[in-house]
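The lines below spell out each chain.
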Amino acid sequence: MEYYLVKWKGWPDSTNTWEPLQNLKCPLLLQQFSNDKHNYISQVNKGKAISLKDNNKALKPAIAEYIVKKAKQRIALQRWQDELNRRKNHKGMIFVENTVDLEGPPSDFYYINEYKPAPGISLVNEATFGCSCTDCFFEKCCPAEAGVLLAYNKNQQIKIPPGTPIYECNSRCQCGPDCPNRIVQKGTQYSLCIFRTSNGCGWGVKTLVKIKRMSFVMEYVGEVITSEEAERRGQLYDNKGITYLFDLDYESDEFTVDAARYGNVSHFVNHSCDPNLQVFNVFIDNLDTRLPRIALFSTRTINAGEELTFDYQMKGSGDISSDSVDHSPAKKRVRTVCKCGAVTCRGYLN
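Residues numbered from 1 in each chain as written. Predicted model: local features only at pLDDT ≥ 70, side-chain atom pairs only at ≥ 80, totals over all residues. Heavy atoms only, no water.

- The chain is annotated in an unreviewed UniProt entry as Histone-lysine N-methyltransferase of Ursus maritimus.
- You can read under Sequence similarities (unreviewed entry) in the UniProt record for the chain the words "Belongs to the class V-like SAM-binding methyltransferase superfamily. Histone-lysine methyltransferase family. Suvar3-9 subfamily."
- In UniProt, the chain has this text filed under Catalytic activity (unreviewed entry): "L-lysyl(9)-[histone H3] + 3 S-adenosyl-L-methionine = N(6),N(6),N(6)-trimethyl-L-lysyl(9)-[histone H3] + 3 S-adenosyl-L-homocysteine + 3 H(+)". (UniProt positions renumbered as here; feature names shortened; annotations may be inferred.)

In structure tokens form, the structure reads like this:
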């Protein structure tokens, strides 16, 4: 008869008991146990013609250790997923998945929904004027006041070229929440999954639903720091092979967004030299051109299950630059190898 060592929920390990199969009313846990066991044996015996049938009277210690670690990881990731969904303020749900390795939640990452100014930096999130339109689609609205075109069509898709700023209606405007010029401020509408990649790129983000082309997907948020501080941090990040700095260089290069410790789902979006997301500068309540919000829009239809990517060297102006994300003008730095796999891959992230 098969017995299973059971950890009872809410009780210490000292109360664990061995139970026969007929006592266990947890089919999902048993299936996970079986899958974890099978996956471990498959990994160990990769490339070998060997039966997966286990004729031993007891699990080998290495297999048992892996199953326990995998179970603990599953619990930790579920708790992290719950925390992310408590903290986010947008409609789309956040899911977490790791079927690749034993990596758990990041230890030094804090989820935020908007820019977090570093000490000494002031973000004035109060517009000085707003529109009085009854229909912002047809009247002289906020974009016209700023000298640009309305960014969206009636299907809520972006219609302006990269490099053109987006001016949305703000808190002083008399239009309501259903105004067609309020898109980015409503946050992510799609359910997304933070998942462990199998190609060595760490965590990534995939969409769980189909996303139409030219649609708003997410904002890039983080800690707003000075360019001088960004230069200092950039040297440290380069040595670690990580890339989270995004220069706010729409009109000047005074400030940078650092999403290394503070960020949202965009923290986990990987780079691609052939991306499916495009960067746009957005102004809503803060009209300071030194501090645009960074929005990511789909460049094409993105199918459910597809990974989301943007070009880390893409500027909000629409240009490719060697000094737009985690970079500074040509200084000798450790170069991070690109693993995007695109036909047009440039070879390096920076």
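From this point, the discussion proceeds with the structure in view.
Quick word on a nonpolar patch on the surface
Now for step 1: Together, M1, Y3, L5 and W18 make up an exposed nonpolar region whose accessible area comes to about 550 Å².
Now for step 2: Position of M1 relative to the elements: it lies in the segment before β1 (3–6).
Now for step 3: Judged by relative accessible area, M1 falls into the exposed class, the value being 71%. (Patch = residues over 30% accessible without salt bridge, like charges linked within 9 Å, V, L, I, M, F, W, Y side chains within 5 Å. Areas by Shrake-Rupley, 256 points an atom, 1.4 Å probe, with all protein chains shown as cover. Salt bridge = Lys/Arg side-chain N within 4 Å of Asp/Glu carboxyl O. Helix = DSSP H or I, 4+ residues; strand = E, 2+ residues; numbered from the N terminus. Buried < 20%, exposed > 50% of the residue type's maximum accessible area, 1.4 Å probe, protein only.)

Here we look at the packing of helix α1 (residues 27–44) against helix α2 (residues 61–87)
A packed helix pair is summarised by two numbers, namely the angle formed by the two axes and the spacing between the axes.
Now for step 1: It is the contact of α1 with α2, at a shortest axis distance of 9 Å, that shows an interaxial angle of 125°. As summarised for this structure, α1 and α2 are arranged oblique, according to the angle between their axes. The interaxial crossing formed by α1 with α2 has right-handed handedness. Of the residues in α2, those touching α1 at Q32, F33, D36, K37, Y40, I41 and Q43 are A62, I63, Y66, I67, K70 and R74.
Now for step 2: Residues belonging to the contact of α1 with α2 are distributed by class as follows: seven nonpolar, two polar and four charged. (Axes fitted to C-alpha atoms, helices over the stretch in contact; angles between N-to-C directions. Parallel < 35°, antiparallel > 145°, perpendicular 65-115°, else oblique. Left-handed = near helix turned anticlockwise from the far one by under 90°. Contact = heavy atoms within 4.5 Å. Nonpolar A, V, L, I, M, F, W, Y, C, P; charged D, E, K, R; others polar.)

Notes on the packing of aromatic side chains
Now for step 1: Enumeration over the complete set of coordinates arrives at 16 aromatic pairs.
Now for step 2: Relative to F268, the ring of W80 lies with its centre 5.6 Å away and its plane at 75°, an arrangement referred to as edge-to-face. Remark: F268 occurs in the loop between β13 (262–263) and β14 (270–271) and W80 occurs in helix α2; sequence separation between them is 188 residues.
Now for step 3: Here F268 falls in the buried class, since its relative accessible area comes to 4%.
Now for step 4: Site record: aromatic cluster; members linked through ring pairs are W80, F109, W203 and F268.
Now for step 5: The lysine or arginine in question, K116, covers the ring of Y262, its NZ or CZ lying 4.9 Å from the ring centre.
Now for step 6: Positioned above the aromatic ring of W203, the side-chain terminus of R196 is 5.1 Å from the ring centre. (Phe/Tyr/Trp six-rings, centres within 6.5 Å; stacked < 30°, edge-to-face > 60°. Lys NZ or Arg CZ within 6 Å of the ring centre and 35° of its normal.)

Some remarks on the pairing of strand β8 (residues 203–207)
Now for step 1: β8 sits mainly inside the fold: five of its five residues count as buried.
Now for step 2: Residues W203, V205 and T207 line one face of β8 and the alternating positions G204 and K206 line the opposite face, and both faces are buried.
Now for step 3: Across five bridges, the pairing between strand β7 (residues 192–196) and β8 is antiparallel. Considered in β8, the bridge of I194 is made with V205.
Now for step 4: Joining the antiparallel neighbours β7 and β8 is a turn of six residues, in which G200 adopts a positive phi near 85°. (Pairing = 2+ DSSP bridges.)

Details of the side chain of K206
Now for step 1: Relative to the assigned elements, K206 resides in strand β8.
Now for step 2: Taking relative accessible area as the criterion, K206 reaches 15% and is therefore assigned buried.
Now for step 3: A polar contact of 3.0 Å, which involves the side chain of K206, links it to the side chain of E97.
Now for step 4: Each residue touching K206, except ones within four places of it in the same chain, is listed here: E97, L192, C193, F195, G305, E306, E307 and L308. (Polar contact = N/O pair within 3.5 Å; in protein donor to acceptor, adjacent residues only side chain to side chain.)

So, the environment of S266
Now for step 1: Inspection of the secondary structure puts S266 in the loop between β13 and β14.
Now for step 2: You can call S266 buried: its relative accessible area is 1%.
Now for step 3: Remark: the alpha-carbon pair of S266 and L296, spanning 30 residues in sequence, is separated by 9.0 Å.
Now for step 4: Every residue in contact with S266, bar those within four places of it in the chain, is listed here: M218, E219, Y220 and V221.

Some points on the nonpolar core
Now for step 1: Formed by 51 residues in total, the largest nonpolar core has its most connected members in I194, L308 and F310.
Now for step 2: Beyond its immediate sequence surroundings of up to four residues, I194 is in contact with W80, L84, I94, F95, V96, E97, W203, G204, V205, V265 and F268.
Now for step 3: Core analysis: the next-biggest nonpolar cluster, separate from the first, contains 13 residues, A151, I166, V184 and F280 among them. (Core = buried A, V, L, I, M, F, W, Y, C linked by side-chain atoms within 4.5 Å.)

A short note on the UniProt feature "domain: Chromo" (unreviewed entry) in the chain
Now for step 1: Cross-referencing UniProt, the feature "domain: Chromo" (unreviewed entry) maps to residues 1–45 in the present numbering.
Now for step 2: The span residues 1–45 is 40% helical and 18% strand by assignment, and the distance between its end C-alpha atoms comes to 27 Å.

Focus on the sheet that holds β7
Now for step 1: Here we have three strands laid out as an open sheet, ordered β3-β7-β8, and mixed in their pairing. The sheet is open, and its two borders are formed by β3 (94–97) and β8, each paired with just one other strand. Between one strand axis and the next, the sheet turns by 25° as a mean value, whatever way the strands run.
Now for step 2: With respect to the sheet, α2 is in contact with β3, β7 and β8, its orientation differing from that of β3 by roughly 160°.

Overview of the sheet that holds strand β10 (residues 223–226)
Within a beta sheet, neighbouring strands are joined by backbone hydrogen bonds and run either parallel or antiparallel to one another.
Now for step 1: Overall, mixed pairing links the four strands, which are arranged β5-β10-β12-β11 in an open sheet. If you trace the sheet from one side to the other, it starts and ends with β5 (116–117) and β11 (245–248), each paired once.
Now for step 2: As paired elements, β10 and strand β12 (residues 255–258) share four bridges and run antiparallel to each other. Counterpart to I225 in the pairing with β12 is T256.

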